[in-house]
Amino acid sequence: MRRLTIALPYLWLLALFLVPFIIVLRISLSDPALAIPPYEPIWSKTEGLRDFLSRFDVENFVFLTEDDLYWKAYLSSLKIAFISTLLALLIGFPIAYGLARAPEAWRPLLLMLVILPFWTSFLIRVYAWIGILGTEGYLNQVLLGLGLISAPLQILNTDWAVYIGIVYTYVPFMILPIYATLGRIDAELLEAAEDLGCSRIKAFWLIVVPLSKAGVIGGCFLVFIPAIGEFVIPSLLGGSDTLMIGKVLWEEFFNNRDWPVASAVAVILLIILIIPIVLFQRNEQRLRDEA
């Protein structure tokens, strides 16, 4: 029974991660073709395995290093994902701390308000921001009505709109793990620190922030990983100058029908995402071994 329990998550990863990754890697080593599917070589019973494998190459990966478009897309995606994650942390941490410090009777209601946006379609929520951020949208109408601006602001079709859309969409993923961590912190630790002469702010930085490290890192991963490959938000809210790797993947797969290059882009993106996770896990393991 124990082996079965351990085997289940490994089978899940094998079916939903490793097998699809091998398929994408196999396509990335292929050549484009005017066929269905649009790549070659395709396995044939009349062809030997050695001959079949000899037809694979790394030309697509070499092409990615020679074309500036792809590296600019990677760097732009990293920048937008990093800034969005930082903004989500600055917004989500105070909210999570407020939830953890709220009276216990109020916490279920407050948590429901955090999760409530998920009850609506993701696409509808992103479309709603078009009506809010447009030149004739609600935000500009409010600012004009208050006399804070003299002309409508151009927010839609800019990187700022992308930041707003990503932060709004993924901030619950930042709040929930931080709240789970903060909820386990004993309030008596703060009281003891204040009794020993610490101010509330100093006690917060010395106790709450270090103990919430696991939740902060988990929340950052949950925001950063989907944000770097985001396609819908930059397509709807960003302009033509907003370059993200998700849009490049879409163009290669569906407009150019260059599946091998698109698969190579996806493989590199996956490697970029896996590296920080592996480094973090090794660092945590080292800290546990030292302890």
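Anyway, here's the lowdown on the structure attached to this text. (Residues numbered from 1 in each chain as written. Predicted model: local features only at pLDDT ≥ 70, side-chain atom pairs only at ≥ 80, totals over all residues. Heavy atoms only, no water.)

## Remarks on the overall build of the protein
Line of reasoning, step 1. The secondary structure content of the protein amounts to 14 helices and 2 strands.
Line of reasoning, step 2. Its C-alpha atoms give the protein a radius of gyration of 24 Å, clearly above 19 Å, the size a compact globule of 291 residues would have.
Line of reasoning, step 3. Dimensions of the protein, computed from C-alpha atoms along their principal axes, come out at roughly 80 × 65 × 35 Å.
Line of reasoning, step 4. Within the protein, the proportion of its 291 residues that are buried is 34%.
Line of reasoning, step 5. For the protein, the proportion of contacts with a sequence separation of at least 24, taken over those separated by at least 6, is 69%. (Helix = DSSP H or I, 4+ residues; strand = E, 2+ residues; numbered from the N terminus. Rg over C-alpha atoms; globule rule 2.2 N^0.38 Å. Buried < 20%, exposed > 50% of the residue type's maximum accessible area, 1.4 Å probe, protein only. Contact = heavy atoms within 4.5 Å.)

## Comments concerning unusual backbone geometry
Line of reasoning, step 1. The amide bond that connects E40 to the next residue, P41, takes the cis arrangement and shows omega of 15°.
Line of reasoning, step 2. With respect to the secondary-structure elements, P41 resides in the loop between β2 (39–40) and α2 (49–54).
Line of reasoning, step 3. One non-glycine residue, N157, lies in the positive phi region at around 65°.
Line of reasoning, step 4. With respect to the helices and strands, the residue N157 is situated in the loop between α7 (138–145) and α8 (159–182).
Line of reasoning, step 5. Owing to a relative accessible area of 45%, N157 belongs among the partly exposed residues under this scheme.
Line of reasoning, step 6. A positive phi is found at R257, a non-glycine position, where the angle reads about 55°.

## Structural notes on the packing of aromatic side chains
Line of reasoning, step 1. Scanning the model with the defined rule gives 15 aromatic pairs in all.
Line of reasoning, step 2. Judged by centre distance (5.7 Å) and plane angle (65°), the rings of F63 and Y70 are edge-to-face.
Line of reasoning, step 3. Owing to a relative accessible area of 34%, F63 belongs among the partly exposed residues under this scheme.
Line of reasoning, step 4. What links up through ring pairs into an aromatic cluster is the set Y39, F231, W250, F253, F254 and W259. (Phe/Tyr/Trp six-rings, centres within 6.5 Å; stacked < 30°, edge-to-face > 60°.)

## Let's talk about the packing of helix α4 (residues 68–101) against helix α13 (residues 245–255)
A pair of packed helices is characterised by two quantities: the angle between their axes and the separation of those axes.
Line of reasoning, step 1. Following both chains from N to C, one finds α4 and α13 inclined at 140°, their axes separated by 8 Å at the closest point. Looking at the two axes, α4 sits oblique to α13. For the pair α4 and α13, the contacting residues are Y70, A73, Y74 and S77 in the first and I245, V248 and E252 in the second.
Line of reasoning, step 2. The residue inventory of the contact of α4 with α13, partitioned by class, reads 5 nonpolar, 1 polar and 1 charged. (Axes fitted to C-alpha atoms, helices over the stretch in contact; angles between N-to-C directions. Parallel < 35°, antiparallel > 145°, perpendicular 65-115°, else oblique. Nonpolar A, V, L, I, M, F, W, Y, C, P; charged D, E, K, R; others polar.)

## Structural notes on the layout of surface pockets
Line of reasoning, step 1. Space inside the largest pocket adds up to approximately 190 Å³.
Line of reasoning, step 2. Considering the residues around the largest pocket, the lining is formed by F82, T85, L86, L89, C220, F221, F224, I225, L273 and P276.
Line of reasoning, step 3. Residue classes in the lining of the largest pocket are distributed as 9 nonpolar, 1 polar and no charged. (1 Å grid on protein atoms, 1.4 Å probe; cavity = no way out; pocket = protein on both sides within 12 Å on 5 of 7 lines; lining within 4 Å. Points joined across faces, edges and corners; volume = space filled by probe spheres on them.)

## Let's talk about the environment of D159
Line of reasoning, step 1. Note that D159 resides in helix α8.
Line of reasoning, step 2. Judged by relative accessible area, D159 falls into the partly exposed class, the value being 27%.
Line of reasoning, step 3. In contact with D159, other than residues within four places in its own chain, are K79 and T242.

## Notes on a negative patch on the surface
Line of reasoning, step 1. A contiguous patch of negative charge, built from D186, E188, E191 and D195, is present on the exposed surface.
Line of reasoning, step 2. Mapping D195 onto the fold places it in helix α9 (residues 187–195).
Line of reasoning, step 3. When its relative accessible area of 68% is taken as the criterion, D195 is described as exposed. (Patch = residues over 30% accessible without salt bridge, like charges linked within 9 Å, V, L, I, M, F, W, Y side chains within 5 Å. Areas by Shrake-Rupley, 256 points an atom, 1.4 Å probe, with all protein chains shown as cover. Salt bridge = Lys/Arg side-chain N within 4 Å of Asp/Glu carboxyl O. Lys, Arg positive; Asp, Glu negative; His and termini not counted. Charge placed at Lys NZ, Arg CZ, Asp CG, Glu CD.)

## A few points about the environment of G183
Line of reasoning, step 1. Position of G183 relative to the elements: it lies in the loop between α8 and α9.
Line of reasoning, step 2. Taking the C-alpha atoms as reference points, G183 and L237, separated by 54 residues in sequence, lie 35 Å from one another.

## Description of helix α6 (residues 122–133)
Line of reasoning, step 1. Its 12 residues give α6 an end-to-end C-alpha distance of 17 Å, which sits within 8% of 16 Å, the value for a rise of 1.5 Å per residue.
Line of reasoning, step 2. Among the residues making up α6, those that are buried are R125, V126, W129 and L133. One side of α6 holds all its buried residues, which, seen down the axis, span an arc of 100°.
Line of reasoning, step 3. Contacts made by the buried residues of α6 are with α7, α8 and α12 (232–237). (Expected span 1.5 Å × (residues − 1). Arc of directions from axis to C-beta.)

## Notes on the packing of α6 against α7
Line of reasoning, step 1. Viewed as axis vectors pointing N to C, α6 and α7 meet at an angle of 30°, and their least axial separation amounts to 4 Å. Put simply, α6 runs roughly parallel to α7. Here α6 contributes G131, I132 and L133 to the contact with α7, which in turn contributes Y138, L139 and N140.

## Some remarks on the nonpolar core
Line of reasoning, step 1. Among the nonpolar cores identified, the biggest contains 56 residues, and F93, I178, L182 and V265 are the most heavily contacted of them.
Line of reasoning, step 2. If sequence neighbours within four positions are ignored, I178 has contacts with L89, F93, A96, G215 and V216. (Core = buried A, V, L, I, M, F, W, Y, C linked by side-chain atoms within 4.5 Å.)

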